[in-house]
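An overview of the molecular structure
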Amino acid sequence: MRLSGSVVARLSRQLNDSLGTTSITVSHDIQECAEIVDYLYFRLPGRIVAHGTPAEMRGSSQPFVDQFVNGKPDGPIPFHYPATGYATELSLSTGAG
């Protein structure tokens, strides 16, 4: 039987609440995490770039947080990488006759 991430996350939250403990969850699924955590940290390699409650992060004006929380394709983290043309990728000649 396979448990979904959502079920595991909710079970973890219930366990923490029952035992009065703390857990650290690492995930790219901000929407799911924001439903079960008390506090969020956003990191880039080597540093924390933002932190706060889920409500604070949803209302953040920081470009990185806004891009990540709202799933925007454009922002400080590039999703569009320069690429060669498809013909070049396929080693096709693009020159005329």
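Structural data are supplied above this passage.
The structure contained in this document is the topic of the report that follows. Every value quoted in this text rests on a predicted model; they were computed, and no experiment measured them.

Some points on the environment of Tyr-41
Relative to the assigned elements, Tyr-41 resides in strand 1 (residues 40-44). Not counting chain neighbours up to four residues away, the residues in contact with Tyr-41 comprise Ile-48, Ala-50 and His-51.

What about the pairing of strand 1?
The side chains of a regular strand alternate, residue by residue, between the two faces of the sheet. Relative to strand 2 (residues 47-52), strand 1 runs antiparallel, the two being bridged by 5 bridges. Within strand 2, the residue paired with Leu-40 across the bridge is Gly-52. Counting the residues in the hairpin turn of strand 1 and strand 2 gives 2 residues, including Gly-46, whose phi is positive at 85 degrees.

A look at a nonpolar patch on the surface
A contiguous nonpolar patch, built from Tyr-39, Tyr-41 and Ile-48 and spanning about 340 Å² of accessible area, is present on the exposed surface. Here Tyr-41 falls in the exposed class, since its relative accessible area comes to 55%.

So, the packing of aromatic side chains
Applying the stated criterion across every chain, the model contains 4 aromatic pairs. Members of the aromatic cluster, connected to one another through ring pairs, are Phe-42, Phe-64 and Phe-68.

Focus on the nonpolar core
Counting 10 residues, the largest nonpolar core is built from Ile-30, Cys-33, Leu-40, Phe-42, Val-49, Ala-50, Met-57, Phe-64, Val-65 and Val-69. Secondary structure elements with two or more residues in this core: helix 2 (30-36), strand 1, strand 2 and helix 4 (63-69). Ranked by the residues each element gives to this core, the list is headed by helix 4, at 3 residues. Residues within four places of Leu-40 in sequence aside, it is in contact with Ile-30, Cys-33, Ala-50, His-51, Gly-52, Pro-54 and Met-57.

Some points on the pattern of salt bridges
The full count for this structure, using the stated rule, is 4 salt bridges. Ionic pairing is found between Asp-38 and Arg-13, a salt bridge with its closest N-O pair at 3.1 Å. Of this pair, Asp-38 sits in the loop between helix 2 and strand 1 while Arg-13 sits in helix 1 (residues 5-19), placing them 25 residues apart in sequence. Relative accessible area serves as the criterion here: at 56%, Asp-38 is assigned to the exposed category. Residue Arg-13 is classed as partly exposed on the basis of its relative accessible area, which comes to 24%. Residues participating in the shared-partner salt-bridge network are Arg-13, Asp-17 and Asp-38.

The rules behind each value
- Residues numbered from 1 in each chain as written.
- Predicted model: local features only at pLDDT ≥ 70, side-chain atom pairs only at ≥ 80, totals over all residues.
- Heavy atoms only, no water.
- Helix = DSSP H or I, 4+ residues; strand = E, 2+ residues; numbered from the N terminus.
- Contact = heavy atoms within 4.5 Å.
- Pairing = 2+ DSSP bridges.
- Patch = residues over 30% accessible without salt bridge, like charges linked within 9 Å, V, L, I, M, F, W, Y side chains within 5 Å.
- Areas by Shrake-Rupley, 256 points an atom, 1.4 Å probe, with all protein chains shown as cover.
- Salt bridge = Lys/Arg side-chain N within 4 Å of Asp/Glu carboxyl O.
- Buried < 20%, exposed > 50% of the residue type's maximum accessible area, 1.4 Å probe, protein only.
- Phe/Tyr/Trp six-rings, centres within 6.5 Å; stacked < 30°, edge-to-face > 60°.
- Core = buried A, V, L, I, M, F, W, Y, C linked by side-chain atoms within 4.5 Å.

Honestly, it's all geometry; don't read function into it.
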